[in-house]
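As a plain string of letters, each chain reads:
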Amino acid sequence: MRTLVLGGTRSGKSARAEDLLATAPQVRYLATGGVPNAGADPAWAARVLAHQTRRDQRYTTVETLALAAELRRAPTVPTLIDDLGNWITGLLDESGWNHQTDLSEPISELADAVRAFDGDLVIVSPETGLSVVPGTAAGRRFQDLLGAANLAVAAACDRVELVVAGQVFRPDATTATPTSATPTSATPAPPAPAPPAPSPASESNVPDTRAPDTAAPEAVAPDIAASPVSGGRADFPLDPIDAELFDTIAPPDEDIAEQTRGHSLNLTKPPGSLGRLEDLAVWIAACQGVCPPRPLTAPQIAVFAGDHGVARQGVSAFPPEVTAQMVANIAGGGAAINVLARRAGAGVQVLDLSVDTEDTDPVIARYKVRRSTGDLRRGQAMTLAEARRSLAAGRAVADQLVDSGADLLIAGEMGIGNTTPAAVLTGTLTEQEPVVVVGRGTGIDDAGWIRKTAAVRDGMRFARPHRDDPLSLLAAVAGPDLAAITGFLAQAALRKTPVILDGTVVTSAALVAELLAPGARAWWCAGHRSTEPAHGFALLELGLEPILDLSMRLGEGSGAAAALPVVTGAVDLMNQMATFGDAGVSGSS
Ligand SMILES: Cc1cc2ncn([C@H]3O[C@H](COP(=O)(O)O)[C@@H](O)[C@H]3O)c2cc1C
Ligand SMILES: O=C(O)c1cccnc1
């Protein structure tokens, strides 16, 4: 079990960490605070002594900043790291406190080592993000880097705890997942979010840290997760009036792309031998504007959920009630997307935009626009105002994730019947006939396929007049979930953040997003090719070649999450491989 214990100064976090290892026969204690010079700083020495006297004979202390190497050296020995704040300070002391100091590599190395660790590991780290932004450049640097370290390490752990005045809170156990807004959601929501909106830290993207054996009795604190919501619904942080207006989307940096292609020629491999992995790394470098690209340490997945009126017409193999049930499943960490995200080190949050229930946890429903949609066979799935609100919600979610450090975004979806509006959008925007785009979705039989095709035909009839007006197209035949995904994807591009697209539902929204924000597609790659026929047409229209083709047809973001390790691996190759010169390997003759 790997646990990250966060807390403020003197919160009781170290004592809590030691409690977690109380039954371990021996504990390796990785101390990052350095050996204090008692003469120079007696107060610091006393502080360290207090920690030492509390620990017993079972502890063996190793003073080190090389945490990743030490974890890898003995990856099963029960270990306590105390703490990441001193670790960041030590690294900054070594490499300089100026703003150019890049600690992304040691941070991602540590996260990788934590992920690979196979025993009891407790990591203590200060939670400084709840205080004011420091007034000095060095203070801000420290706070930013510590936040990044906490996010990356939280994503690699099985669970995250927050200690406040000796009380233990489990962010991931509050609402079953949605929690803090920090990319890996290591940081729980602040008790009093600042206006104008749920602060980033109040958003739900705790990494999916659920583990089968984590039902700790102290896992409470519903009020923390619920705090950002007023009256059961979140206030919309973005004025929906302008939700469909986007500034020009700048393309990823072509000079950096060229530089990265050149860099790749120097690496110890025949030119081009890593095939499309090289293209992916070049693309990420161009998105980041950095050569070689920085390792991706904080990918985030937002799953947008909604019901669809047409689902009552026999177009799905499953009943609409499954949408709400699956929202709870995703929040609880038990869906396919959670499993793939955990493995890939991505945080997951699920958001109810239009599920047909009043009972969703208020945090998950903070952007709720309505219950279900009108039947798209008769047009007007929602109003224009609702479409704007939904777009604004998706944009706000992307903003919050990017603001809290996410370096790659994935949109997922959950909604029984949603492959029907997706087929309507794709058929309309790629000018294909209904029979060509309609697939089996969750596995409908022939009679269901005929009903679905008829519904798509009717929906396309209503959609066609709105083909050149993305907002009214969404209002006519989509729904809040698809509109939110549209806003999310376009906003990610505006914020220069790469996206891995998922299957047919998300990609149908991508078609609309490209209309709303032309050029946005340059910020997206296609994670996989779904077996739904509409998906192939949508990918063709966007000019995207999928990374994987595994006959998947699930949605939730699962195809994108499956492709995520390929993308992060591609970036690592560009970043970590030795050059011919460095390794003393002869180049081609
Ligand atoms: C248990 C279950 C889990 C799912 N996870 C994703 N979907 C996927 O299937 C649904 C769309 O297919 P259709 O249009 O045929 O209803 C969406 O919820 C989509 O996310 C699921 C569907 C089910 C039943
Ligand atoms: O490709 C998808 O996104 C998909 C396929 C089937 C069911 N739900 C989603």
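Residues numbered from 1 in each chain as written. Chains lettered and ligands numbered in written order. Predicted model: local features only at pLDDT ≥ 70, side-chain atom pairs only at ≥ 80, totals over all residues.

Novice: Account for the UniProt feature "active site" (unreviewed entry) in the chain, naming residues and giving values.
Specialist: Under the feature "active site" (unreviewed entry), the UniProt entry names Glu-556. Within the secondary structure, Glu-556 is located in the loop between helix 20 (533–542) and helix 21 (558–576). Dropping the residues within four chain positions of it, Glu-556 is found in contact with Val-303, Ala-335, Ala-336, Ile-337, Gly-412, Glu-413 and Met-414. (UniProt positions renumbered as here; feature names shortened; annotations may be inferred. Helix = DSSP H or I, 4+ residues; strand = E, 2+ residues; numbered from the N terminus. Contact = placed C-beta atoms within 7 Å.)

Novice: Account for the sheet that holds strand 2 (residues 27–31), with residues named and values stated.
Specialist: Pairing in this open sheet of 7 strands is mixed, and the strands run 3-2-4-5-1-6-7 from one edge to the other. Edge positions in the sheet fall to strand 3 (59–63) and strand 7 (167–169), since each has one partner strand and no second. Along the sheet, successive strands turn relative to each other by an average axial angle of 20 degrees, direction set aside. Note: strand 6 (residues 159–164) against strand 7, 3 bridges, orientation antiparallel. Among the inter-strand pairings, Val-163 is bridged to a residue of strand 7, identified as Val-168. (Pairing = 2+ DSSP bridges. Axes fitted to C-alpha atoms, helices over the stretch in contact; angles between N-to-C directions.)

Novice: Describe the sheet that holds strand 9 (residues 347–354), and please don't skip the residues or the numbers.
Specialist: Taken in spatial order, the 5 strands of this open sheet run 9-8-10-11-12, and their pairing is parallel. Here the strands that pair on one side only, and so sit at the sheet edges, are strand 9 and strand 12 (524–526). Strand-to-strand twist in this sheet, taken as the mean axis angle between neighbours without regard to direction, amounts to 25 degrees. By the bridge criterion, 7 bridges tie strand 8 (residues 299–306) to strand 9 in an arrangement that is parallel. Looking at strand 9, one finds that Val-303 is bridged to Val-350. Set on the sheet, helix 11 (residues 321–331) makes contact with strand 8, strand 9 and strand 10 (408–414); between it and strand 9 the angle comes to about 155 degrees.

Novice: For the site of ligand 2, give the residues involved together with the corresponding values.
Specialist: Around ligand 2 sit 13 residues, and of these Gly-503, Thr-504, Ser-530, Arg-553 and Gly-555 come closest. Class assignment for the residues of the shell around ligand 2 results in 2 nonpolar, 8 polar and 3 charged. (Near = placed C-beta within 6 Å. Nonpolar A, V, L, I, M, F, W, Y, C, P; charged D, E, K, R; others polar.)

Novice: Can you tell me about the environment of Leu-20, naming the residues and giving the values?
Specialist: In this structure, Leu-20 sits in helix 1 (residues 13–20). C-beta crowding within 10 Å serves as the criterion here: with 20 such atoms nearby, Leu-20 is assigned to the buried category. When the C-alpha atoms of Leu-20 and Asp-120 are compared, they prove to be 9.0 Å apart, with 100 residues separating the residues in sequence. (Buried ≥ 20, exposed ≤ 12 C-beta atoms within 10 Å, placed from the backbone.)

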